[in-house]
Amino acid sequence: MNTPRPALPEDAGRKTRVLTVTNGSAGSGKTTFAGAVGYATAKNSKKKVCVIGMDRQRDVSRLLGYDDPDSDENLPTLYDVVDDVFSLAEAVVPARHSKTKEWIPNLWVVLESNKLDQLEFKLAGTTARELWLFRLLPQLRGRFDVIIIDCPGDVKIATIGAIIAGDEIVGCTKSQEKEARGLTELEDKIKEIHEAYGHLGMRNGLDWVVIGEGVTSDSQGKVYRDIEAQVRKAYGTMALQPTVRDDVKVPEAYSAGQPVTLYNPKCDAAVAYTKIGRQMKLYR
Ligand SMILES: Nc1ncnc2c1ncn2[C@@H]1O[C@H](COP(=O)(O)OP(=O)(O)OP(=O)(O)O)[C@@H](O)[C@H]1O
Ligand SMILES: [Mg+2]
């Protein structure tokens, strides 16, 4: 690695957009979105982007160049922040290319630990536990233009905290029954949380919906198209275009430990995510 390690951006009073990426249904494309759109934003704009990983599976940490944050005890993780070992600002590290280990310009990450499986338990005993992230995020606001929170596949205290703390809620779904139902349940949950915490300025529903194609097989193709049409009808312009089609480059990029927009910017999924980020006005 020949370039110096990028420093944490100073608080320059930037107007930060915090995107909470969620769906109570696992495997709905949240991490793929967070990695792909996070990288595309850092690359296509001069904006400073920070991805916060919240999942003990550590998928987004891997995509941003850190295969196993637990293997290096000098690397801070979100767990250390909740454990009061590091501040949130101290836990931000620059993203890097998984192969070359070069720093990726304008992109940072708060890493995950497998100890995050204890996150719910740890938060449960704290005062005003649902506000855990709301209270931490001011440390990063003003430093970054965009913060993307990659939630785990459930809506418990950790995710509820990200929903309260976020400025925009991105619901990721697949055109399949389970994930689409997860989106409806998420909407109900957001409204319920809003009743308690709306006074803090949180959102009262989803802002964006990202649709990934259900796993293709000819006999089931029509079911997927029907669900896709239903989701688009229900969410109108909130449902971003296009639907991200089933693309083998996505699992390939996962294996390579890279966001798909870095791994193969020309593949269908990367082109789709790039368009989606543009519609969200993250870049031109
Ligand atoms: N467009 C696509 N084409 C093919 N495979 C995809 C596509 N999008 C996502 N996948 C695959 O689906 C799986 C789940 O995707 P992803 O990890 O993004 O979902 P998630 O919502 O973050 O899951 P979890 O709830 O486990 O965190 C991954 O193995 C990924 O490679
Ligand atoms: Mg994930």
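Above this text you will find the structure in question.
Not measured: the values here are computed from a predicted model. (Residues numbered from 1 in each chain as written. Chains lettered and ligands numbered in written order. Predicted model: local features only at pLDDT ≥ 70, side-chain atom pairs only at ≥ 80, totals over all residues. Heavy atoms only, no water.)

**Observations concerning the packing of helix H6 (residues 157-165) against helix H7 (residues 177-197)**
Here comes step 1: Contact geometry of H6 with H7 gives a least axis separation of 11 Å together with a crossing angle of 70 degrees. When the axes of H6 and H7 are compared, the pair comes out roughly perpendicular. Handedness of the crossing formed by H6 with H7: right-handed. Between H6, through Ile 160, Ile 163 and Ile 164, and H7, the contact on the second element is made entirely by Leu 186, Lys 189, Ile 190, Ile 193 and Tyr 197. (Axes fitted to C-alpha atoms, helices over the stretch in contact; angles between N-to-C directions. Helix = DSSP H or I, 4+ residues; strand = E, 2+ residues; numbered from the N terminus. Parallel < 35°, antiparallel > 145°, perpendicular 65-115°, else oblique. Left-handed = near helix turned anticlockwise from the far one by under 90°. Contact = heavy atoms within 4.5 Å.)

**Quick word on the site of ligand 1**
Here comes step 1: Around ligand 1, the structure places 18 residues, and the nearest of them are Lys 30, Thr 31, Thr 32, Asp 247 and Tyr 254.
Here comes step 2: Note that an oxygen atom of ligand 1 is positioned 3.0 Å from one of the backbone N or O atoms of Gly 29.
Here comes step 3: Within the contact set of ligand 1, an oxygen atom lies 3.3 Å away from a side-chain nitrogen or oxygen of Lys 174.
Here comes step 4: About the coverage of ligand 1: the protein hides 82% of its 630 Å² of free accessible area.
Here comes step 5: In this structure, ligand 1 is accommodated by the largest pocket. (Near = heavy atom within 4 Å. Polar contact = N/O pair within 3.5 Å; in protein donor to acceptor, adjacent residues only side chain to side chain. Areas by Shrake-Rupley, 256 points an atom, 1.4 Å probe, with all protein chains shown as cover. 1 Å grid on protein atoms, 1.4 Å probe; cavity = no way out; pocket = protein on both sides within 12 Å on 5 of 7 lines; lining within 4 Å. Sits in = over half its atoms within 2 Å of the grid points.)

**A look at helix H8 (residues 221-235)**
Here comes step 1: Between the first and last C-alpha of H8 there are 21 Å, a value that for 15 residues agrees with the 21 Å anticipated at 1.5 Å per step.
Here comes step 2: Where H8 is concerned, the buried positions are Gly 221, Tyr 224, Ile 227, Glu 228, Val 231, Arg 232 and Tyr 235. The buried residues of H8 all sit within an arc of 135 degrees when viewed along its axis, so they share a single face. Facing away from the buried side of H8 by over 90 degrees, the exposed positions are Lys 222, Gln 230, Lys 233 and Ala 234.
Here comes step 3: As for H8, its buried residues are in contact with strand S6 (168-174), H7 and strand S7 (208-212). (Expected span 1.5 Å × (residues − 1). Buried < 20%, exposed > 50% of the residue type's maximum accessible area, 1.4 Å probe, protein only. Arc of directions from axis to C-beta.)

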